Amino acid sequence: MARLFLAILIISMAATTPPAQAQAPTNWAKRLNPGPDTVTNLQFYFHDIPSGTNPTAVEVVQPVATASDSNPFFGSVVLVDDPLTETADVGSKLVGRAQGMYTASSRNEAAIFMSMSFGFVDGPYDGSSLSVMGNNLYGNPTREVPVSGGTGIFRMARGYAVLRSVAVNSTSGYVVVNYNVTVYTPAAAGAY
Ligand SMILES: *[C@@H]1O[C@H](CO)[C@@H](O)[C@H](O)[C@H]1NC(C)=O
Ligand SMILES: *[C@@H]1O[C@H](CO)[C@@H](O)[C@H](O)[C@H]1NC(C)=O
């Protein structure tokens, strides 16, 4: 009986006690900055150039697709050091480089798994980077790839990139992709 009474007392206390203040100070955890995240939008063009005299995308592992796979590229691994420019013209201002790799990740779909660092070289973003990692369903006119982190001005960034192919040359393999990137960086990340 006493135990039941105690249980009821605890439940009624819980119901009337206001929720703990989210920012109540503790000795073991501190919220350094309660301010809002910085939201940054970036728009640029990615050039994947697999052939010609100066390729920026090089296949280092051959496909492993079998006759029953409808994606003949499945298993191919491509290393990239692709330019990122201000407009769709590869001769326009260089804003950064996409360095890393992608692999044809689906036996039956047009998909590449991207794992790249986008290092920027322009303006206040010079020296900062974003990590882009996820599946890119490049057969779709628009698709989304996660931004999983960053450095410098983008320290602790989280976000997403919406991709749209603007030019595809099926003879040379040269592809130009518009990137519309939205990233949130917490003010508490410091440094900037
Ligand atoms: C596509 O690439 C081929 C081979 O490099 C080239 O001859 C052709 O002019 C390109 N097409 C366009 C539309 O740029
Ligand atoms: C870029 O993405 C943002 C956020 O998703 C969106 O509001 C904006 O309309 C997009 N811009 C273009 C040119 O597509």
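Note that the coordinates shown come from a computational prediction; the quantities given were computed from them, not determined experimentally.

Thresholds, definitions, all that
- Residues numbered from 1 in each chain as written.
- Chains lettered and ligands numbered in written order.
- Predicted model: local features only at pLDDT ≥ 70, side-chain atom pairs only at ≥ 80, totals over all residues.
- Heavy atoms only, no water.
- Helix = DSSP H or I, 4+ residues; strand = E, 2+ residues; numbered from the N terminus.
- Buried < 20%, exposed > 50% of the residue type's maximum accessible area, 1.4 Å probe, protein only.
- Contact = heavy atoms within 4.5 Å.
- Near = heavy atom within 4 Å.
- Polar contact = N/O pair within 3.5 Å; in protein donor to acceptor, adjacent residues only side chain to side chain.
- Areas by Shrake-Rupley, 256 points an atom, 1.4 Å probe, with all protein chains shown as cover.
- Nonpolar A, V, L, I, M, F, W, Y, C, P; charged D, E, K, R; others polar.

Describing the overall build of the protein chain
Looking only at helices and strands, the protein chain has one helix and nine strands in total. Along its sequence from the N terminus, the protein chain presents helices and strands in the succession α-β-β-β-β-β-β-β-β-β. By residue count, 32% of the 192 residues in the protein chain fall in the buried class. Taking contacts inside the protein chain between residues at least 6 apart in sequence as the whole, the part at least 24 apart equals 48%.

Points about the environment of Phe74
Of note, Phe74 is situated in the loop between strand 2 (57-61) and strand 3 (77-85). By relative accessible area, which is 17% here, Phe74 ends up buried. Between the C-alpha atoms of Phe74 and Glu109, which are 35 residues apart in sequence, the distance is 9.0 Å. Among residues more than four places away in sequence, those in contact with Phe74 are Pro63, Val64, Ala65, Asp69, Ala104, Ser105, Ser106 and Arg107.

As for the site of ligand 2
Every residue near ligand 2 is listed here: Gln43, Tyr160, Asn180 and Thr182. Measuring from an oxygen atom of ligand 2, one finds a side-chain N or O atom of Tyr160 at 3.0 Å. The separation between an oxygen atom of ligand 2 and a polar side-chain atom of Asn180 is 2.4 Å. Here ligand 2, which alone exposes 370 Å², has 37% of that area covered by the protein. Taken together, the residues of the shell around ligand 2 break down into one nonpolar, three polar and no charged.

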